Amino acid sequence: MLKPKICYSCKTLPFLSNIFFNSRTLVTKSSRCSSPVLEEKSQKTPSKNSQVIELDLEQIQDYSSITTTTNGTTTCLPDSKDLNGLICNLLKDPQTQGIGYDCYEKAKGNKDFRPDKSTLKLLMRYLVNSNKWGSIFSLSKDLRSLQVLPDSSTCCKLISSCMKARKFKIVNSFLELFVIADQETGVLAFDSAMKGYNKLHMYSSSVVLYEKMRSAGLVLDPGCYCSIMEAFTKIGNCDKVVALFEEFESKKVESTPYYAQIYKTLCESLGKSGRAFESLEYFRDMTKKGIQEDHSFYSVLICGFASIREVNMAEELLEEAEGKKMLRDPALFLKLVLMYIEEGCMEKTLDVVASMTRVKIRVSDCIFCAIVNGFSRKRGLRAAVEVYEELCSEGNEPGQVTYASVLNLYCRLGLYSKAEMVFSEMEQKGFDKCVVAYSSMIAMYGKTGRPKDAMKLVAKMKERGCQPNVWVYNALLDIHGKVLNLRQVEKIWKEMKRRKIFPDRVSYTSIISAYSKAREFDKCLIYYQDFTLNGGRLDRAMAGIMVGVFSKMNRVDELISLLQNMKREGTKLDGRLQRSALNSLRDAGLQIQAKWLQESFGAT
């Protein structure tokens, strides 16, 4: 196999600009000539006035001892400066970048070689783009031993790239190097690392870096203050945010593009901590200093006051922001809606919608749903559907969540035709994978005695790639259980198991109830034992069914145990089942237990 050769072609032996393998030889001309040209050996040879030196890459680590003699003239191989140029030119060409890195690996073995900033910049760019993280880690060791550093911009880009790739070990290696070698570069690199951790929501790691900076004696710049304040805000340490801000203020930095961001982070932290009035004071102080405000400040302030339900202040700031045309964040409107719902001011939620219309912000599905559900909770189901219809008539478009909510409301009110209209509208708009909507419709078909329609809808649901959940299966169990279609009940139960849909208490109640009505009490016992083994807890429905089952089977011991559990958990027993249990105990001659039952659950 042929080894790659490097050829110089110039009287003054300048550094090489390209390299070629096997069938090609590289000729580099002096600075007086045009750009280097890559040509086939067979097509062109060096000129008479040129000197050619062939250099095997394996010899580059010992190049200082190699000389060549041509026409009586002895010429040494390139010195460190020329070799940096060689490596740089190789790294600039995508076709020779790998060879450029190999040259660097050979060259670094010579004690006189020092990679310059351009070489390091190109090396790092090549290694990062090639995802050669092991080589990058090795490079950090080279920089430490050679005592050289790239420029600060390259350092920051390297740290950012490593953070995106989650190569935290490499990041730490370079940060340790930068701290030792150059404090200014170290500060910028630490800031890049903290920003990277913040983007990854690894705020505690940003705090660790901040502590390392303090230990190393690094002085934070405005960017670092911004990053670490953001980290402390996200982990909820408001006092530390305020302390950092006061520390930053004490330095009396005259001008920095980070000033507004630092103030906003401070206001956000105070607002989230329930200190909205302090947040407003800092905001007013900022505007007095001439620092430019933007819409995000008003979003932070309004959300802060909404969180502590300071309705008047939130409304004042909303009016102020609207006057300055700084209402752009849908999140603040959601906060206002939630505030009004908690305060019971339901009509004002509609005023929020009016404000959004004025500033031309679309009412999101989240806000629409919050208003409808708020009216449902505070004013009742009919008030909720009325406000839904009113908002729709004003041109607001519901999304999947709102549709699913109002569909459920129509079903609960018995307005089945409207429920079907809403479901059809959902399908037309592409919301055909909403499990909640399917569950509501299937339950509705069960209530209206339409089991065939329910099964058709389940089949359509599966065709659309929407897998039934436990709610859907519960509705099906209830539908077929009521008509004692036990074959279908068993089939549905097995399908649940096959699809690994774990039955809940409602599932067990439905299937046990079906077998109880069919007087297949042995099956009831099997499912009840499965229910208890899986950690199921009794409720009134399940307890009532099993009292009946145990009574009819004359299983007195199990009946007494069940009644004791009911008494311990405070579960009530209706009159019919209490009489059934009482008769079972009396028939078994357990008069004492019968008396205890009457005393515990009341006389019938």
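- An unreviewed UniProt entry annotates the chain as Pentatricopeptide repeat-containing protein of Anisodus acutangulus.
- UniProt lists a comment for the chain under the heading Sequence similarities (unreviewed entry), and it reads "Belongs to the PPR family. P subfamily."

**With respect to the overall build of the chain**
And step 1. The helix and strand inventory of the chain stands at 30 helices and six strands.
And step 2. The buried share of the chain, reckoned over its 604 residues, is 47%.
And step 3. Sequence-distant contacts, at least 24 apart, represent 60% of the contacts inside the chain between residues at least 6 apart.
And step 4. Entry remark: accessible area of the chain is about 30,700 Å², with carbon and sulfur atoms responsible for 49%.

**Concerning the UniProt feature "repeat: PPR" (unreviewed entry) in the chain**
And step 1. UniProt tags residues 221–255, 399–433, 434–468 and 469–503 as "repeat: PPR" (unreviewed entry).
And step 2. Across residues 434–468, the secondary structure splits into 74% helix and 0% strand, with the terminal C-alpha atoms separated by 10 Å.

**A word on a positive patch on the surface**
And step 1. On the surface, Lys-92, Lys-121, Arg-125 and Lys-157 cluster together into a positively charged patch.
And step 2. By secondary structure assignment, the location of Lys-92 is in helix H1 (residues 80–92).

**Considerations on the nonpolar core**
The nonpolar side chains of a soluble globular protein tend to be buried with one another.
And step 1. Phe-174 and Ile-512 are the most contacted members of the largest nonpolar core, which totals 174 residues.
And step 2. Apart from residues lying up to four places away in sequence, Phe-174 is in contact with Met-124, Ile-136, Ser-140, Leu-143, Leu-158 and Ile-159.

**Describing the environment of Arg-540**
And step 1. Along the chain, the position of Arg-540 falls in helix H27 (residues 540–553).
And step 2. By relative accessible area, which is 52% here, Arg-540 ends up exposed.
And step 3. Arg-540 sits 26 residues away from Met-566 along the chain, and the two C-alpha atoms are 8.5 Å apart.

**Some points on helix H10 (residues 238–250)**
And step 1. For H10, built from 13 residues, the straight-helix expectation of 18 Å at 1.5 Å per residue is met to within 8% by its first-to-last C-alpha distance of 19 Å.
And step 2. Looking only at H10, the buried set comprises Cys-238, Val-241, Val-242, Leu-244, Phe-245 and Phe-248. On an axial view of H10, the arc spanned by its buried residues comes to 160°, and they lie on one face. The exposed residues of H10 that point more than 90 degrees off its buried face are Asp-239 and Ser-250.
And step 3. Check the buried side of H10 and you find it contacts helix H8 (203–216), helix H9 (222–234), helix H11 (259–272) and helix H12 (276–288).
And step 4. Positive backbone phi, approximately 50°, marks Lys-252, located one or two places after H10.

**Describing H11**
And step 1. For H11, spanning 14 residues, the distance from its first C-alpha to its last is 20 Å, which sits close to the expected 20 Å at 1.5 Å a residue.
And step 2. The buried fraction of H11 amounts to ten of the 14 residues, a majority that puts the element mostly inside the structure.
And step 3. Taken residue by residue, H11 has Tyr-259, Ile-262, Tyr-263, Lys-264, Thr-265, Leu-266, Cys-267, Ser-269, Leu-270 and Gly-271 as its buried positions.
And step 4. On its buried face, H11 is in contact with H9, H10, H12 and helix H13 (295–307).
And step 5. Residue Gly-274 follows H11 closely and has a positive phi angle near 80°.

**Remarks on the environment of Pro-451**
And step 1. Along the chain, Pro-451 falls in helix H22 (residues 451–463).
And step 2. Along the backbone, Pro-451 and His-480 are 29 residues apart, and their C-alpha atoms lie at a distance of 7.3 Å.

**Some words on the packing of H8 against H9**
And step 1. Running from N to C, H8 and H9 cross one another at 135°; their axes reach a closest spacing of 9 Å. Regarding the angle of H8 to H9, the classification is oblique. Judged by the sense of rotation from one axis to the other, the crossing of H8 with H9 is left-handed. On the side of H8, the interface is formed by Tyr-203, Ser-206, Val-207, Tyr-210 and Met-213, while H9 contributes Cys-224, Ile-228, Ala-231, Phe-232 and Lys-234.
And step 2. Taken together, the residues of the contact of H8 with H9 sort by class into eight nonpolar, one polar and one charged.

**Topic: the environment of Ser-405**
And step 1. Position of Ser-405 among the secondary structure elements: in helix H19 (residues 400–413).
And step 2. Residue Ser-405 is classed as buried on the basis of its relative accessible area of 16%.
And step 3. The spacing of Ser-405 and Ser-376 is 29 residues in sequence and 9.9 Å in space, taken between C-alpha atoms.
And step 4. Every residue in contact with Ser-405, bar those within four places of it in the chain, is listed here: Cys-369 and Asn-373.

**Here's the deal with the packing of H11 against H12**
Between two packed helices, the angle of one axis relative to the other and the distance separating the axes together describe the packing.
And step 1. Axis separation between H11 and H12 bottoms out at 7 Å; the angle between their running directions is 165°. Classified by the angle between their axes, H11 and H12 sit roughly antiparallel to one another. Here H11 and H12 pass one another in a crossing that is left-handed. Contacts between H11 and H12 involve Tyr-263, Leu-266, Cys-267, Leu-270 and Gly-271 from the former and Ala-276, Glu-278, Ser-279, Tyr-282, Phe-283, Asp-285 and Met-286 from the latter.
And step 2. Partitioning the contact of H11 with H12 into residue classes produces eight nonpolar, two polar and two charged.

**Quick look at the pattern of salt bridges**
And step 1. Enumeration according to the criterion identifies 29 salt bridges in this entry.
And step 2. Measuring nitrogen to oxygen at the nearest pair gives 3.0 Å for the salt bridge that ties Glu-293 to Lys-324. Residue Glu-293 is located in the loop between H12 and H13, and its partner Lys-324 is located in the loop between helix H14 (311–323) and helix H15 (330–343); the two are separated by 31 residues in the primary sequence.
And step 3. On the basis of relative accessible area, Lys-324 is assigned to the partly exposed category, the value being 39%.
And step 4. In this structure, Glu-315 and Lys-348 form a salt bridge, with 3.1 Å as the shortest nitrogen-oxygen distance. Of the two residues, Glu-315 is situated in helix H14 and Lys-348 in helix H16 (residues 346–358); the sequence distance between them amounts to 33 residues.

**What about unusual backbone geometry?**
And step 1. One non-glycine residue, Lys-360, lies in positive phi territory at about 60°.
And step 2. Mapped onto the fold, Lys-360 is located in the loop between H16 and helix H17 (365–379).
And step 3. The residue Arg-519 is not glycine, and still its phi comes out positive at about 60°.
And step 4. Residue placement: Arg-519 occurs in the loop between helix H25 (505–517) and helix H26 (521–533).

What counts, and where the lines are drawn
- Residues numbered from 1 in each chain as written.
- Predicted model: local features only at pLDDT ≥ 70, side-chain atom pairs only at ≥ 80, totals over all residues.
- Heavy atoms only, no water.
- UniProt positions renumbered as here; feature names shortened; annotations may be inferred.
- Helix = DSSP H or I, 4+ residues; strand = E, 2+ residues; numbered from the N terminus.
- Buried < 20%, exposed > 50% of the residue type's maximum accessible area, 1.4 Å probe, protein only.
- Contact = heavy atoms within 4.5 Å.
- Areas by Shrake-Rupley, 256 points an atom, 1.4 Å probe, with all protein chains shown as cover.
- Patch = residues over 30% accessible without salt bridge, like charges linked within 9 Å, V, L, I, M, F, W, Y side chains within 5 Å.
- Salt bridge = Lys/Arg side-chain N within 4 Å of Asp/Glu carboxyl O.
- Lys, Arg positive; Asp, Glu negative; His and termini not counted.
- Charge placed at Lys NZ, Arg CZ, Asp CG, Glu CD.
- Core = buried A, V, L, I, M, F, W, Y, C linked by side-chain atoms within 4.5 Å.
- Expected span 1.5 Å × (residues − 1).
- Arc of directions from axis to C-beta.
- Axes fitted to C-alpha atoms, helices over the stretch in contact; angles between N-to-C directions.
- Parallel < 35°, antiparallel > 145°, perpendicular 65-115°, else oblique.
- Left-handed = near helix turned anticlockwise from the far one by under 90°.
- Nonpolar A, V, L, I, M, F, W, Y, C, P; charged D, E, K, R; others polar.

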